[in-house]
Amino acid sequence: MGNLIKLLLSAAIIGFIFYKFEMSSVLNTILSANIGLLAAALVVQILSQSIAAYRWSLIMGLLKFDHPFSFYFRSYFKGSLFNQVLPTSVGGDAYRIAEVAANGGLVKEAFYGIFIDRIVGLVGLLILNLLANLIESNLLPEEVFWSINIVLILGIAGLVVLLLIRKVALFDRYKITRLFYQLSNRFRFIYRTPKRISQQLGLSLLIHLLSMICIFGIGHSVGINEPLVTYLVLIPPAILLTILPISFAGWGVREGALVALFLLIGIDQTQVLAMSLLYGIILIISALPGLYYYLKGKHKFL
């Protein structure tokens, strides 16, 4: 029932957008997009996902999961595939947990590793967006600017709180809080040296920067010829909304958020919707290696 509601919500949002827009114009914009820029955007997105797989392999290696990078590469792309076909942007994480467990890992430890991978990736996106907002502080209306930055700062502060939970033994006494206590200890174990912290944050920033460059290329392919910093300001808040488990793989939520944000700086809504739809298509195409690996693999959980 929950999945059906998410699917219906995405369909309702997309239906409303289609009702409000002249879809023939959107389709014409998509069909006239620069093929070269779209191809380059696809390559950059695949590179971003490949580096994300490498970051995850480093985390799992520190947690004593001794698998080669090729295992994590295949598993990550399979997870990306399920992110695109399940009613939440984190559906692929459940698949990755199951696959690690099927290859000799404990489910709980696999969960910790993937959760940490997610959190570090999220922090990279928050920091990238915060830096862009500081560089281009006059781009958005003041109330929107401060609202977004407060959310970003609260998100980063949340990670700091999670890191400090391990210092409070009280959290280890109760079953409901023990998960956070143990997770905090895993964070400390993985990020106990400045080198590890800088390496992981650097990879996270690079991963999201490449994703933003992908959307930057798509945007320019349909005529949204804004500088990269504008994309770094406007895209991350929309991406953050797609993480919420309220839609089918972020469809509808992403389109609505991007149209609203780009409208604030006077960008044509038809171009923005075309860009968002093309980005969704590129995400699906970039995840197709996961379909190949899934069909060839011996562990099939769905």
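Everything below is about the structure shown above.
In this report, we go over the structure that sits alongside the text. (Residues numbered from 1 in each chain as written. Predicted model: local features only at pLDDT ≥ 70, side-chain atom pairs only at ≥ 80, totals over all residues. Heavy atoms only, no water.)

## Description of the overall build of the protein
In terms of helices and strands, the protein carries 13 helices and zero strands. Each helix and strand of the protein, ordered N terminal to C terminal, gives the series α-α-α-α-α-α-α-α-α-α-α-α-α. In the protein, which comprises 302 residues, the proportion classed as buried is 48%. In the protein, once contacts between residues fewer than 6 apart in sequence are set aside, the share between residues at least 24 apart is 71%. (Helix = DSSP H or I, 4+ residues; strand = E, 2+ residues; numbered from the N terminus. Buried < 20%, exposed > 50% of the residue type's maximum accessible area, 1.4 Å probe, protein only. Contact = heavy atoms within 4.5 Å.)

## Side note on the packing of aromatic side chains
Applying the stated criterion to the full structure yields 16 aromatic pairs. A centroid spacing of 5.4 Å and a plane angle of 85° characterise the contact between F216 and Y231, whose relative ring orientation is edge-to-face. In this pair, F216 sits in helix α9 (residues 194-221) while Y231 sits in helix α10 (residues 228-243), placing the two residues 15 residues apart along the sequence. Classification of F216 as partly exposed rests on a relative accessible area of 23%. An aromatic cluster of three or more residues is present, and its members are Y54, F69, F73, F77, Y292 and Y293. The ring of W56 carries the charged tip of R96 above its face, separated from the ring centre by 4.5 Å. (Phe/Tyr/Trp six-rings, centres within 6.5 Å; stacked < 30°, edge-to-face > 60°. Lys NZ or Arg CZ within 6 Å of the ring centre and 35° of its normal.)

## Re the packing of helix α6 (residues 107-135) against α10
Between α6 and α10, the least distance of the axes is 8 Å, while the angle of their chain directions is 145°. The handedness of the crossing between α6 and α10 is left-handed. The segment α6 lies against α10, with L122, L125, L126, L128, N129, A132, N133 and I135 engaging V229, L232, V233, P236, P237, I239, L240 and I243. Partitioned by chemical class, the residues of the contact of α6 with α10 number 14 nonpolar, two polar and no charged. (Axes fitted to C-alpha atoms, helices over the stretch in contact; angles between N-to-C directions. Left-handed = near helix turned anticlockwise from the far one by under 90°. Nonpolar A, V, L, I, M, F, W, Y, C, P; charged D, E, K, R; others polar.)

## Brief notes about a positive patch on the surface
On the surface, K64, K167, R188 and R192 cluster together into a positively charged patch. If you trace the backbone, R192 turns up in the loop between α8 (175-190) and α9. (Patch = residues over 30% accessible without salt bridge, like charges linked within 9 Å, V, L, I, M, F, W, Y side chains within 5 Å. Areas by Shrake-Rupley, 256 points an atom, 1.4 Å probe, with all protein chains shown as cover. Salt bridge = Lys/Arg side-chain N within 4 Å of Asp/Glu carboxyl O. Lys, Arg positive; Asp, Glu negative; His and termini not counted. Charge placed at Lys NZ, Arg CZ, Asp CG, Glu CD.)

## A closer look at the packing of helix α3 (residues 35-62) against helix α12 (residues 269-286)
Contact geometry of α3 with α12 gives a least axis separation of 10 Å together with a crossing angle of 55°. As judged from the angle between their axes, α3 and α12 are oblique. In the crossing of α3 with α12, the sense of the turn from one axis to the other is right-handed. Here L38, A41, L42, Q45, I46 and Q49 of α3 come into contact with α12, specifically with L278, Y279, I282, L283, I285 and S286. Along the lines of polarity and charge, the residues of the contact of α3 with α12 split into nine nonpolar, three polar and no charged. (Parallel < 35°, antiparallel > 145°, perpendicular 65-115°, else oblique.)

## Structural notes on the pattern of salt bridges
Per the counting criterion, the structure on display carries eight salt bridges. Put simply, D93 and R118 hold a salt bridge, and the shortest N to O gap is 2.7 Å. One end of the pair, D93, is in helix α5 (residues 91-102); the other, R118, is in helix α6, and 25 residues separate them in sequence. Residue R118 is classed as partly exposed on the basis of its relative accessible area of 27%. Close ionic contact of D117 with R96 constitutes a salt bridge, the shortest N to O distance being 3.5 Å. Remark: R96 occurs in helix α5 and D117 occurs in helix α6; sequence separation between them is 21 residues. In this pair, the class of D117 matches that of R96, namely buried. Because the salt bridges share partners, they merge into one network encompassing R55, D93, R96, D117 and R118.

## Describing α9
With 28 residues, α9 should reach 40 Å at 1.5 Å per residue; the first-to-last C-alpha distance of 40 Å fits that figure. Just downstream of α9, G223 is the residue with a positive phi angle, here 100°. (Expected span 1.5 Å × (residues − 1).)

## What about the environment of S211?
As for its placement among the helices and strands, S211 is situated in helix α9. Counting along the chain gives 163 residues from S211 to S48, while the straight-line C-alpha distance between them is 6.2 Å. Each residue touching S211, except ones within four places of it in the same chain, is listed here: Q45 and S48.

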